[in-house]
Amino acid sequence: MIGLSSYAYQWRLDASADDRWTVERVIEDAARLEVGLVQLCDLPELDRLAAEGLSRIRLAQRERLPQLRRLGDELGVSFEVGTKGIAPEHLLAYLDIAFELGSPLVRSMLVTPAHRPTPAEAEAALRSVLPAYEAAGVTLALETYEQVATADLVDLVATIDSPGLGICLDPGNVVARLEHPADVVAMTVPWVRNLHVKDFAFTRSPDMVGFRFAGVPLGEGLLDYDGLVAAVDPSRRGISRIIEQWVPWQGDSARTITLETRWAEHALHWLRAADARAAAAGGGVSG
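What counts and how
- Numbers given for residues are sequential positions, taken from 1 along each chain in its written order.
- Side-chain atom pairs in this predicted model are given and counted only at pLDDT of 80 or more, local residue features only at pLDDT of at least 70, and totals for whole chains, interfaces and linings cover all residues.
- Excluded from the side-chain calculation are hydrogens and water; included are all heavy atoms of the structure.
- We count a stretch as a helix when DSSP gives it H or I for four or more residues in a row; a strand needs E for two or more, and each element gets its number in order from the N terminus.
- Only C-alpha atoms enter the radius of gyration; for comparison, a globular chain is expected to reach 2.2 Å times N to the power 0.38, where N is the number of residues.
- In this scheme, a residue with accessible area under 20% of its type's maximum is buried, one over 50% is exposed, and one in between is partly exposed, where area comes from a 1.4 Å probe on protein chains only.
- Here a residue-residue contact requires only that any non-hydrogen atoms of the pair lie within 4.5 Å.
- Accessibility throughout is a Shrake-Rupley quantity obtained with a 1.4 Å probe, and a residue counts as covered only by protein chains that appear here.
- Charge convention: Lys and Arg are scored as positive, Asp and Glu as negative, and His as well as the terminal groups of each chain are ignored.
- A charged residue contributes its charge at one atom only: NZ of Lys, CZ of Arg, CG of Asp or CD of Glu.
- Fitting a line to C-alpha atoms yields each axis, with helices limited to the stretch in contact; the angle taken between N-to-C directions then spans 0 to 180 degrees.
- We call a crossing left-handed when the near helix sits turned anticlockwise from the far one by less than a right angle, and right-handed when that turn is clockwise.
- Three residue categories are used. Nonpolar comprises Ala, Val, Leu, Ile, Met, Phe, Trp, Tyr, Cys and Pro, charged comprises Asp, Glu, Lys and Arg, and polar comprises the others, including Gly.
- In this scheme, strands are said to pair when DSSP sees at least two bridges between them.
- In what follows, salt bridge is the name for a side-chain nitrogen of Lys or Arg lying within 4 Å of a carboxyl oxygen of Asp or Glu.

*Asks:* Break down the overall build of the protein chain for me, citing the residues and quoting the values.
*Replies:* In terms of helices and strands, the protein chain carries 12 helices and 10 strands. Against the compact-globule benchmark of 19 Å for 287 residues, the protein chain has a radius of gyration of 19 Å, which places it among compact chains. Considering only C-alpha atoms, the protein chain reaches an extent of 50 × 45 × 40 Å along its principal axes. Counting across all 287 residues of the protein chain, residues that qualify as buried make up 51%. Put simply, of all contacts in the protein chain between residues at least 6 apart along the chain, 73% involve residues at least 24 apart. Just so you have it, the protein chain exposes about 13100 Å², and 54% of that area is on carbon and sulfur atoms. The centroid of the 27 positive side-chain charges in the protein chain is displaced by 2 Å from the centroid of its 40 negative side-chain charges.

What follows is the structure, given as structure tokens:
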């Protein structure tokens, strides 16, 4: 299934926006675009709930999450949720949030600015929460990114070997660690449970000293999408493809948001066209 991340709405959700969007507007826009999945990722609103350490019963009594769930149900939009960090109490709070929103997945990252666990600490923290994730039928997917060597991430996931633990594959993030996206795809394939789709490219700095690495419209950069899909096989494995975007700042909020909107619509059109070509060829992905 194709989904939209809240990172596809980064500038529209940003505090700098003249007309800042709410989560409800993101859900409504996804429905307008005929997208049935939204990944609510790294949202301060959800992090504040998690920080309160609420139990599942208390979460159910709050209005915010049930309101979002009802809106999603009304508009035909389901949810995945995402956060950062592996502190056990935080991951258990996000498991409650996932339960309330009907999310089958929690995407997270091993390292936060406030916590960089050792491999042993990370393994202990994950093992302490995974029985609860397994019992709830929710997958914890740890994302590939520049703070952690992909080989170390794979080793951790493979060592724990839990049906409730996998990898959220984002080939773009790892470039900052001088890892090649194709190598990372090959290393992670058996453990991928979630897929982030965004395109990226290098451009020369205006003074010709160095390069800038930034987002570009899907299909116009270095992402080998066909190779990614061929390796991961998301349709057969039931792995969602979540559109993210790195839209560069355009000098002011209005112009940046206009470009962000255009890129998101382009990405959906591009992915759907790719699916149609794959279906016509007798295979590939759909959704």
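*Asks:* Kindly report on unusual backbone geometry, identifying the contributing residues and their values.
*Replies:* Positive phi, normally seen in glycine, also occurs at D161, with a value near 50°. Residue position: D161 is located in the loop between α8 (150-160) and β6 (165-169). A relative accessible area of 61% means that D161 is categorised as exposed.

*Asks:* Could you give me a rundown of the packing of helix α3 (residues 44-51) against helix α6 (residues 88-101), with the residues and numbers involved?
*Replies:* Taken N-terminus to C-terminus, the directions of α3 and α6 make an angle of 115°; their axes are 9 Å apart at the nearest point. Relative to α6, the crossing made by α3 is right-handed. Within the contact between the two elements, α3 uses L46, D47, L49 and A50 and α6 uses H90, A93, Y94 and I97. For the contact of α3 with α6, the residue count by class is 6 nonpolar, 1 polar and 1 charged.

*Asks:* Residues and numbers for the sheet that holds strand β4 (residues 105-108), please.
*Replies:* Overall, parallel pairing links the 8 strands, which are arranged β1-β2-β3-β4-β5-β6-β7-β10 in a closed barrel. The average undirected angle you get between the axes of adjacent strands in this sheet is 30°. Sitting on the sheet, helix α7 (residues 119-136) touches β4, β5 (139-143) and β6, and the angle it makes with β5 is about 140°.

*Asks:* How would you explain the side chain of S108 if you had to name every residue and give the values?
*Replies:* Within the secondary structure layout, S108 lies in strand β4. Those residues in contact with S108, other than ones at most four positions away along the chain, are T83, K84, G85, L91, L140, A141, L142 and E143.

*Asks:* Explain the pattern of salt bridges to me, and be specific about the residues and the numbers.
*Replies:* For the structure on display, the rule yields 16 salt bridges. In this structure, E265 and R32 form a salt bridge, with 3.1 Å as the shortest nitrogen-oxygen distance. On the criterion of sequence distance, the pair formed by E265 in helix α12 (residues 253-280) and R32 in helix α2 (residues 23-32) is long-range, its members being 233 residues apart. Taking relative accessible area as the criterion, E265 reaches 35% and is therefore assigned partly exposed. Taking the shortest distance from any N to any O, the salt bridge between R64 and E45 comes out at 2.1 Å. You can see R64 sitting in helix α5 (residues 64-75) and its partner E45 sitting in helix α3, a full 19 residues away along the chain. Judged by its relative accessible area of 22%, R64 is partly exposed. For E45, a relative accessible area of 21% gives the class partly exposed. Salt bridges here are not isolated pairs; linked through shared partners, they connect E24, E45 and R64.

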